Amino acid sequence: MKSLRKPIRLSLKLKLTLLIEGIVIILIIVTGFITTIREKETLESELRKRGLALASDLSSFMVRPLLSHDLPTIRRFVNQAMEQDYVRYVIILDPKGKVLMHNDLSEIGKNYRDRLSMAAVKSTRPGYTDIHIPKLEELHSDITMPIKVSDVRLGTIRLGYSHLAIQEQIKQAQRQIFIIGLLTTVGGGFIAYLLAIYISSPIRRITDVTEKVAQGLLDTQLRIDRNDEIGTLASAFNRMTEDLKKTTVSKDYFDNIIKSMNDILLVIGPDLKIRSANKAASELLEYTEDELIGMDAFLIFEEDSKFNCEMVLKNLSEKLGVANREADYITKTGKRIPVLLSASLLQDKTGSMEGVVCIARDVTEWKAVEDALRESEMELHFLSAQLMTAQEQERRRLSKELHDELGQSLMVLKLKLRSIQEGLPADRDTLRSKCTEAIEYINAVVENVRRLSRDLSPSVLEHLGLPAAIRWLVNDFCRHAKIDCTLDLPEMEGLFSQEEEIIIYRMIQESLTNIAKHALATEVSVIIEEKDDHAHFCIEDNGIGFDIREIFAQDSQRKGLGLSAMHERTRMLRGSLDIRSRKGNGTKISFTVPYHQGGNRN
């Protein structure tokens, strides 16, 4: 047996040490970063307060000298402010931005129009702006303070306060943090090493003992006296080895599982005899368990079934697998039970075949449901065919009534109007013109009635046959839809029954109607070919097309009856229908009808 220990580059002890040490270092870095930021924010806030306090003092001191225009006194206050640590400049501006006093005397009398000066002059309250002066190469706060007396603005103080003190204190704090962090890292590393030894030592011992148990030394005991999870693991491991010495797995446990299964379980040996069976198998096959054990397995399979024991063994030996195959079990009384069966190879430790495990599920109820659904589908198809036949008969009746009754009535009305028109006096030209208009309108109505009659039941199909009817249908479509059409039509006289000719005619009519309604096509081709004992019909257009999957995914109310009716008519013809379309690439509808159904081919 191979050893469970795998070669490793880093021991668990070292990994734990590095992990804990890494966590300590990360915590130190994060803590130092946060501390530095907070220290900087605190120092900056304190610096601004000091600067604003100094500017406020100057503002109160400057009131009297500004009222008396005492420039020497103002100069003395400015010099005293410049003596303060980190003060870089002091500027006194009048309300218009003119420099009244500056620590640099050369700037006195200038008018400052820069953004900071103008903002300081317009500001009504103290404020500050952090800026960076390239010449000084340091960051400082430009602090502004208005000089007022009795709400009268006398001027503005601009005071530059350097951040150099903050930077120096931050550097000093960073040095302290670094020293503390270094000491913490060294101490943490030592503690991490001790902790890693404490954790990894028992794990190492567990690994060694586990390797011995894997080698078959089941008497090996793990000696770890600790009141934690590792101690609990050691106790559980010792109990496991004791159980392994008794039995690897309880046979009764698996027997109970097999007996409680609802599916049928049979274990068949290489000699094709049943070695084991569960309670469900005994109940279904009507044998006792003792009768099943040792029985030839082929006795429970139907003799002429395609699924048999030899085929199972052959497939499994060739590693083809047997899963979810339909088969039939034969009970003791000869009753046939349909099942869904799966089989797998049973092997020993060396890989040799010990037999086949067959698990089957009784699908009698499923089969009954399938038969009921199939019968219901056949009834629905029959009803659909009857409805279509009744529809055609009703169309024929309506067509006859339109042609015979309404058509004749309109002709009589037309003749009466013409008779009235001829009997009018010569001076009644207006009434005569109205009669002419009415006669022309009746002619249009008569033509529409004839067209409706032909659409309902084309007389050309009954009197001249299918080829002439298709030719008339295509020509009429081209004339009314104003679409260029091509027709390739062979002679097909006597090949189909009258009912089949009506169905074919309706399918072509439905296709052309859909093209006129939806396709936005400019060209349509209708090609009919004779292939062996079939007629192949193809209607193709160059329109906008559609997504077939999207159409069929719609609910029945949105999808309509057109495509469904075409599929049903194709089924009635016992033919095949193929619809191909893509958005922007037109549509092609093809259906094939065998000759031998209703007509005689010469």
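Procedures and definitions
Residues numbered from 1 in each chain as written. Predicted model: local features only at pLDDT ≥ 70, side-chain atom pairs only at ≥ 80, totals over all residues. Heavy atoms only, no water. Helix = DSSP H or I, 4+ residues; strand = E, 2+ residues; numbered from the N terminus. Buried < 20%, exposed > 50% of the residue type's maximum accessible area, 1.4 Å probe, protein only. Contact = heavy atoms within 4.5 Å. Areas by Shrake-Rupley, 256 points an atom, 1.4 Å probe, with all protein chains shown as cover. Disulfide = S-S within 2.5 Å. pLDDT = per-residue confidence, 0-100. Polar contact = N/O pair within 3.5 Å; in protein donor to acceptor, adjacent residues only side chain to side chain. Phe/Tyr/Trp six-rings, centres within 6.5 Å; stacked < 30°, edge-to-face > 60°. Lys NZ or Arg CZ within 6 Å of the ring centre and 35° of its normal. Expected span 1.5 Å × (residues − 1). Arc of directions from axis to C-beta. Patch = residues over 30% accessible without salt bridge, like charges linked within 9 Å, V, L, I, M, F, W, Y side chains within 5 Å. Salt bridge = Lys/Arg side-chain N within 4 Å of Asp/Glu carboxyl O. Core = buried A, V, L, I, M, F, W, Y, C linked by side-chain atoms within 4.5 Å.

Some details on the overall build of the chain
Regarding its fold elements, the chain presents 17 helices and 15 strands. Taken across its 602 residues, the chain has 37% of its residues classed as buried. Restricting the contact set of the chain to residue pairs at least 6 apart, pairs at least 24 apart contribute 58%. Of the roughly 37,800 Å² of accessible surface on the chain, a fraction of 55% belongs to carbon and sulfur atoms.

Structural notes on the state of the cysteines
By the definition in use, this model includes one disulfide. Shown here is the disulfide that connects Cys478 with Cys485, its sulfur atoms set 2.2 Å apart.

Description of the confidence of the model for the chain
Of all residues in the chain, 77% have pLDDT values of 70 or greater, and the mean over the chain is 76. For residues 1–6, every residue scores under 50 in pLDDT, and the model assigns this stretch nine contacts once sequence neighbours within four places are set aside. Of the regions scoring below 50 in pLDDT, residues 597–602 engages in 20 contacts with residues more than four places distant in sequence or in other chains.

Describing the environment of Tyr89
For Tyr89, the position within the fold is in strand S1 (residues 87–93). On a C-alpha basis, the gap between Tyr89 and Leu159 in space is 5.8 Å, while along the polypeptide they are 70 residues apart. Engagement of the side chain of Tyr89 in a polar contact is seen with the side chain of Asp142, the distance being 2.4 Å.

Some remarks on the packing of aromatic side chains
In this description, an aromatic ring pair is defined by two values, namely the gap between the centres and the angle between the planes. Applying the stated criterion to the full structure yields two aromatic pairs. Plain terms: the ring middles of Phe537 and Phe591 are 4.8 Å apart, the flat faces sit at 10 degrees to each other, and that makes the pair stacked. Linking Phe537 in strand S13 (residues 534–541) with Phe591 in strand S15 (residues 587–594), this pair joins segments that are 54 residues apart in sequence. Each member of the pair, Phe537 together with Phe591, is buried. The side chain of Arg76 reaches across the aromatic face of Phe77, ending 5.6 Å from its centre.

Re helix H2 (residues 71–82)
When the terminal C-alpha atoms of H2 are compared, their 16 Å separation across twelve residues agrees well with the 16 Å that a helix rising 1.5 Å per residue should span. Along H2, the residues that are buried comprise Thr73, Ile74, Phe77, Val78 and Ala81. For H2, the angular spread of buried residues about the axis comes to 140 degrees, placing them on one side.

What about a nonpolar patch on the surface?
Residues Ile26, Val30, Phe33, Ile34 and Ile37 make up a contiguous nonpolar surface patch of about 440 Å² in total accessible area. Topologically, Ile26 is positioned in helix H1 (residues 12–68). On the accessibility criterion, Ile26 (51% relative accessible area) is exposed.

Details of helix H3 (residues 115–122)
Residues of H3 that are buried: Leu116, Ser117, Ala120 and Val121. All buried residues of H3 fall inside an arc of 130 degrees around its axis, so they share one side. Facing away from the buried side of H3 by over 90 degrees, the exposed positions are Arg115 and Lys122. For H3, the N-terminal cap is Asp114; the gap from its side-chain oxygen to the backbone nitrogen of Leu116 is 3.3 Å.

Observations concerning the pattern of salt bridges
Tallied over the entire structure, the rule returns ten salt bridges. Here Lys332 and Glu291 are joined by a salt bridge, their closest N and O atoms 3.1 Å apart. Of the two residues, Lys332 is situated in the loop between strand S8 (322–330) and strand S9 (336–347) and Glu291 in helix H8 (residues 289–292); the sequence distance between them amounts to 41 residues. Given the relative accessible area of 46%, Lys332 is considered partly exposed. A salt bridge links Asp476 to Arg479, with the nearest nitrogen and oxygen atoms 2.6 Å apart. Residue Asp476 and its partner Arg479 are located together in helix H13 (residues 466–481), separated by three residues, close to a single helical turn. For Asp476, a relative accessible area of 11% corresponds to the buried category. Accessibility expressed as a relative area gives 53% for Arg479, which makes it exposed. Bridged by salt links that share partners, the residues Asp114, Asp142 and Arg158 form one connected network.

Structural notes on the nonpolar core
With 36 residues, the main nonpolar core has Leu512 and Phe537 as its most contacted residues. Secondary structure elements with two or more residues in this core: H13, helix H14 (498–519), strand S12 (523–531), S13, helix H17 (562–572), strand S14 (576–581) and S15. If one sorts the elements of this core by residue count, H14 sits on top with eight residues. The contacts of Phe537, once residues within four sequence positions are left out, are Ile470, Met492, Ile504, Ile508, Ile527, Ile528, Ile589, Ser590, Phe591 and Val593. Listed in part, the 25 residues of the second largest apolar core include Ile74, Phe77, Ile143 and Ile157.

Observations concerning the side chain of Thr587
Here Thr587 is to be found in strand S15. There is a polar contact of 2.9 Å between the side chain of Thr587 and the side chain of Ser581. Filtering out sequence-adjacent residues up to four positions away, Thr587 remains in contact with Ile539, Glu540, Asp541, Gly545, Phe546, Arg580 and Ser581.

Brief notes about unusual backbone geometry
Here the phi dihedral of Glu286 falls at roughly 65 degrees; this positive angle occurs in a residue that is not glycine. For Glu286, the position within the fold is in the loop between helix H7 (279–285) and H8. With a relative accessible area of 34%, Glu286 lands in the partly exposed category.

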